[in-house]
Amino acid sequence: MSKAKTSFDRKNHWETIYQTKELTEVSWYQPKPEVSLNFIKESNLDLSAKIIDVGGGDSFLADHLLELGYSNITVLDISKNAINRAKERLGNRADKVNWIVTDISEFHPQESYDLWHDRAVFHFLTDKEDVETYVETIVNHLKPNGHFILGAFATDGPQKCSGIEITQYSPENMEARFSPHFDKIKCMQVQHPTPFNTIQNFTFCHFKKTQ
């Protein structure tokens, strides 16, 4: 949802979250994103492959990818505060990552990627136009046979996150949303334990772009 379509200031909302809450005070905290890492490893990409983590913020995915030897990593987030926190944590290694601060609905990539990763951004797109723009952006900027890894709240998961309405996805409707441009490799249901001793149910799918 762009600001033209709603009075809700999405960027300010997330800047405030990352300015006022510690790393372990947010439900999406995950010291090792094992599901995402396993999907990425299963993609069998060269270590020089171009990987983008959409909504990566101050998650630990970039840290682990660097440790695995991946050398062409981009992290995109709407929040400058989130990215600054990740840079501070990574120290000198932050220079090995390309950082982009923008709303995903306004992202105009300047290159194409071998792998597009999104854990919990897509489900915030509740406006049809934003969803269509998101799909179009991936189709246009993921290389042929490129990999797309997507995690979103499942149909038995939360209905809101950080006070914001979301869209829930089953494996079936997630696959339907991205066909015919992508072939499903695998989908799975994932239980994410939050720092508050609760469980959030996610749908994770691994897609491969069709020729």
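Residues numbered from 1 in each chain as written. Predicted model: local features only at pLDDT ≥ 70, side-chain atom pairs only at ≥ 80, totals over all residues. Heavy atoms only, no water.

Caption draft 1: Structural detail: the overall build of the protein. Along the protein, the regular secondary structure elements total 6 helices and 9 strands. Oriented by its inertia axes, the alpha-carbon framework of the protein measures out at about 45 × 40 × 35 Å. For the protein, the residues scored as buried account for 50% of the 211 residues in total. Here the protein has roughly 10200 Å² of accessible surface; of this, 46% comes from carbon and sulfur atoms. (Helix = DSSP H or I, 4+ residues; strand = E, 2+ residues; numbered from the N terminus. Buried < 20%, exposed > 50% of the residue type's maximum accessible area, 1.4 Å probe, protein only. Areas by Shrake-Rupley, 256 points an atom, 1.4 Å probe, with all protein chains shown as cover.)

Caption draft 2: Just the pattern of salt bridges, in detail. Tallying each qualifying case throughout the model produces 9 salt bridges. In this structure, D103 and R10 form a salt bridge, with 2.8 Å as the shortest nitrogen-oxygen distance. Remark: R10 occurs in helix α1 (residues 10-20) and D103 occurs in the loop between β3 (97-101) and β4 (113-119); sequence separation between them is 93 residues. For D103, a relative accessible area of 11% translates into the label buried. Salt-bridge contacts for K143 lead to D114; the nearest nitrogen and oxygen are separated by 3.5 Å. Placement of K143 in strand β5 (residues 142-153) and of D114 in strand β4 is noted, with a sequence separation of 29 residues between them. (Salt bridge = Lys/Arg side-chain N within 4 Å of Asp/Glu carboxyl O.)

Caption draft 3: Region of the structure containing the state of the cysteines. Applying the stated criterion across every chain yields a total of 1 disulfide. Paired through a disulfide, C187 and C205 show a sulfur-sulfur distance of 1.9 Å. Note on the C187 and C205 pair: the S-S dihedral is about 110°, so by sign convention the disulfide is right-handed. With C187 in strand β8 (residues 182-193) and C205 in strand β9 (residues 199-209), this residue pair connects regions lying 18 residues apart in the sequence. Here C161 stays free of any disulfide, with the sulfur of C205 as its closest cysteine sulfur at 19 Å. (Disulfide = S-S within 2.5 Å.)

Caption draft 4: How the structure looks around the sheet that holds strand β1 (residues 51-54). Overall, mixed pairing links the 7 strands, which are arranged β3-β2-β1-β4-β5-β9-β8 in an open sheet. Both edges of this open sheet fall to β3 and β8, since each of them pairs with a single strand only. On average, adjacent strands in this sheet sit at an angle of 15° to one another, irrespective of strand direction. Running over the sheet, helix α6 (residues 171-178) touches β5, β8 and β9 and is turned about 35° from β9. (Pairing = 2+ DSSP bridges. Axes fitted to C-alpha atoms, helices over the stretch in contact; angles between N-to-C directions. Contact = heavy atoms within 4.5 Å.)

Caption draft 5: Here's a closer look at the packing of aromatic side chains. Summed over the entire model, instances satisfying the criterion amount to 17 aromatic pairs. Pairwise contacts between aromatic rings join F107, Y113, W116, F122, Y134, F148, Y169, F178, F182 and F207 into one cluster. A cation over an aromatic ring shows up here: R89 above the ring of F60, its NZ or CZ 4.1 Å from the ring centre. (Phe/Tyr/Trp six-rings, centres within 6.5 Å; stacked < 30°, edge-to-face > 60°. Lys NZ or Arg CZ within 6 Å of the ring centre and 35° of its normal.)

Caption draft 6: Fine view of the environment of W14. If you trace the backbone, W14 turns up in helix α1. Sequence separation between W14 and D77 is 63 residues, and the spatial gap between their C-alpha atoms is 9.6 Å. Ignoring sequence-local partners within four residues, the contact set of W14 consists of W28, I78, S79, F124, S162 and I164.

Caption draft 7: Structural context of the environment of S71. With respect to the helices, strands and loops of the structure, S71 is situated in the loop between α3 (61-68) and β2 (73-77). Note: C-alpha distance between S71 and K96 (25 residues apart in sequence) is 7.1 Å. Residue contacts for S71: discarding those within four places in its chain leaves L47, S48 and K96.

Caption draft 8: A look at the packing of α1 against helix α4 (residues 80-90). Contact geometry for α1 and α4: axes closest at 7 Å, N-to-C directions at 35°. Side by side, α1 and α4 meet where K11, E15, Y18 and Q19 of the first sit next to K80, N81, A82 and R85 of the second.

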